[in-house]
Amino acid sequence: MAYKTTIEQTVFRFDDLKTLLAKATPERSGDQLAGIAAEGPVERLAAQMTLADLPLKAFLGEELISSDDDEVSRLIAARHEPAAFSAVSSLTVGEFREWLLKPETTHDRLEAVTWGLTPEMVAAVSKIMRLQDMIAVSAKRRVVTRFRNTIGLAGRLSTRNQPNHPTDDSRGIIASAIDGLLMGSGDAVIGVNPATDATDDYIRIVSLLDELREKLAIPTQTCCLGHVTTAIQAIEKGAPVDLVFQSVAGSEKANRGFGVDLALLKEAHEAGRSLGRGMPGANVMYFETGQGAALSADAHFGVDQQTMEVRAYAVAREFDPLLVNTVVGFIGPEYLFNGKQIIRAGIEDHFCGKLLGLPMGVDVCYTNHADADQEDMDTLLTLLCAANVNFVITVPGADDIMLNYQSLSHHDAVYCRETLKRPPAPEFEQWLSEIGLTDRDGALIGEPAALSNYVRSSALIGA
């Protein structure tokens, strides 16, 4: 079905829905690389005007990727709930934006429509929203998850302590993890990206992280971000696996590039739950996504990268995860060219994930060859705090020495706590106070004896 609009006697025609969505997308290098972006601001405006007048119901009648060829499309169709959709079913995309922004559209009303929304509907409305629009709506939507602590409560910000090491050296990982704990980082998860994906290394990493957690009685969870097949093998061998991790994307072909499908993810989910390591009913999955993943795998089928990203959230929410984060600037400037595009994408991803009911976090990051810097990251971090983001990732000095990209530093988490008044998960906040790291107002006050004693006594660190 073709779509068209007229601006000053010029007719703009868009051959199908995926073309309309691509042309309406705010400028980004990935869509330009794919050859599907608007030719300029006027065509983009025409597409956005056309999209604003499109009924939400249109997304139920025209698939972007055929269900005959794609299990993600089949999942999206199967999980759509007409009863939940009924509250907004009569609206156009533009009217849906207005509904989202109404003061009377509270968290409860947003939660009620969650399973009535498809990723394509949510991606569409984001394309006609300003940053402040998306922040305002995201701030109203809470998604709370639990393992050993409670993540996503209003007004709080959790952090992933990311102690990566280029050779997975045990001493290096523990030293880096303690560095983050000394800055109050790690209530979302203490999670390591392994340099290799060998099962023995995976087991060693989760075991040493679990030792750290147990000896210090930290109310958090740990994760080695290896492939789900490695996690399953480690679980079968009795490893102390808290969270099972996997990168996911928005098409079956892209997920095959990651070495997964829905059946394998279900197996991994069941394996993680079988251990019962968290509180009853704990969320055990951790997913990462990122704009450009499907395009880089030649698995986007002509769909714009932001819509493909939101389709990945349909995969993630199928498995009731504890954490989901978009590694927003990680893939590189070929997909998000500069700080402005990274900032926009980070706010979009968080907004779309929250509307679909996901516990969204953001890796506020960029690669060294992108036209971006830490001030761009300061801006995105501050905006995300205003939007009530569930968690962010922090590393020593904002420089990940294993993955070779720039993220947030542990000091940035302190800025959020002390200046933006975003405390961590309540259980972790209490622990920080009990060990003497923070005062009654949550401000850092010094090095706690418990951590000092662990460093001196641990065979992993040495004297």
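So, how was this worked out
Residues numbered from 1 in each chain as written. Predicted model: local features only at pLDDT ≥ 70, side-chain atom pairs only at ≥ 80, totals over all residues. Heavy atoms only, no water. UniProt positions renumbered as here; feature names shortened; annotations may be inferred. Helix = DSSP H or I, 4+ residues; strand = E, 2+ residues; numbered from the N terminus. Rg over C-alpha atoms; globule rule 2.2 N^0.38 Å. Buried < 20%, exposed > 50% of the residue type's maximum accessible area, 1.4 Å probe, protein only. Contact = heavy atoms within 4.5 Å. Areas by Shrake-Rupley, 256 points an atom, 1.4 Å probe, with all protein chains shown as cover. Expected span 1.5 Å × (residues − 1). Polar contact = N/O pair within 3.5 Å; in protein donor to acceptor, adjacent residues only side chain to side chain. Pairing = 2+ DSSP bridges.

- The chain is annotated in an unreviewed UniProt entry as Ethanolamine ammonia-lyase large subunit of Rhizobium wenxiniae.
- Under the Subunit (unreviewed entry) heading, UniProt states for the chain: "The basic unit is a heterodimer which dimerizes to form tetramers. The heterotetramers trimerize; 6 large subunits form a core ring with 6 small subunits projecting outwards."
- UniProt annotates the chain under Catalytic activity (unreviewed entry) with the comment "ethanolamine = acetaldehyde + NH4(+)".

**Considering the overall build of the chain**
Part 1 of the reasoning: Within the chain one finds 22 helices and 15 strands.
Part 2 of the reasoning: For the chain, the C-alpha radius of gyration of 22 Å lies close to 23 Å, the compact-globule estimate for 463 residues.
Part 3 of the reasoning: With the C-alpha coordinates aligned to their principal axes, the bounding extent of the chain is approximately 75 × 45 × 45 Å.
Part 4 of the reasoning: Split into buried and exposed, the 463 residues of the chain put 62% on the buried side.
Part 5 of the reasoning: In the chain, of all internal contacts separated by at least 6 residues, the share reaching a separation of at least 24 is 78%.
Part 6 of the reasoning: Of the accessible surface of the chain, which amounts to about 17200 Å², a share of 49% is contributed by carbon and sulfur atoms.

**Overview of helix H19 (residues 374-386)**
Part 1 of the reasoning: The end-to-end C-alpha separation of H19 is 18 Å, in line with the 18 Å expected for 13 residues at 1.5 Å each.
Part 2 of the reasoning: Residues of H19 that are buried: Asp376, Met377, Leu380, Leu381, Leu384 and Cys385.
Part 3 of the reasoning: If you check the start of H19, you find a side-chain oxygen 3.1 Å away from the backbone N of glutamate 375, and it comes from aspartate 373.
Part 4 of the reasoning: Looking one or two residues past H19, asparagine 388 carries a phi angle of roughly 65 degrees, positive in sign.

**Focus: the pairing of strand E5 (residues 158-161)**
Part 1 of the reasoning: Taking every second residue as pointing to the same face, both faces of E5 are buried, with Ser158 and Arg160 on one and Thr159 and Asn161 on the other.
Part 2 of the reasoning: Note that E5 and strand E12 (residues 391-395) share four bridges and pair parallel. Directly across from serine 158, in E12, lies its bridge partner phenylalanine 391.
Part 3 of the reasoning: Where E5 meets strand E6 (residues 189-192), two bridges bridge the pair, whose relative direction is parallel.

**Focus: the UniProt feature "binding site: adenosylcob(III)alamin" (unreviewed entry) in the chain**
Part 1 of the reasoning: The positions that UniProt labels "binding site: adenosylcob(III)alamin" (unreviewed entry) are, in the present scheme, Pro194, Gln246, Ser296 and Met402.
Part 2 of the reasoning: Among the structural elements, proline 194 can be located in the loop between E6 and helix H12 (199-216).
Part 3 of the reasoning: Given a relative accessible area of 16%, proline 194 falls into the buried group.
Part 4 of the reasoning: In this structure, proline 194 is in contact with Asp168, Ile205, Cys224, Leu225, Gly226 and Met402, ignoring residues within four places of it in sequence.
Part 5 of the reasoning: Relative to the assigned elements, methionine 402 resides in the loop between strand E13 (399-400) and strand E14 (405-406).

**Here we look at the side chain of serine 176**
Part 1 of the reasoning: With respect to the helices and strands, the residue serine 176 is situated in helix H11 (residues 170-182).
Part 2 of the reasoning: Residues in contact with serine 176, not counting those within four places in the same chain, are Asn161, Gln162, Pro163, Pro396 and His410.

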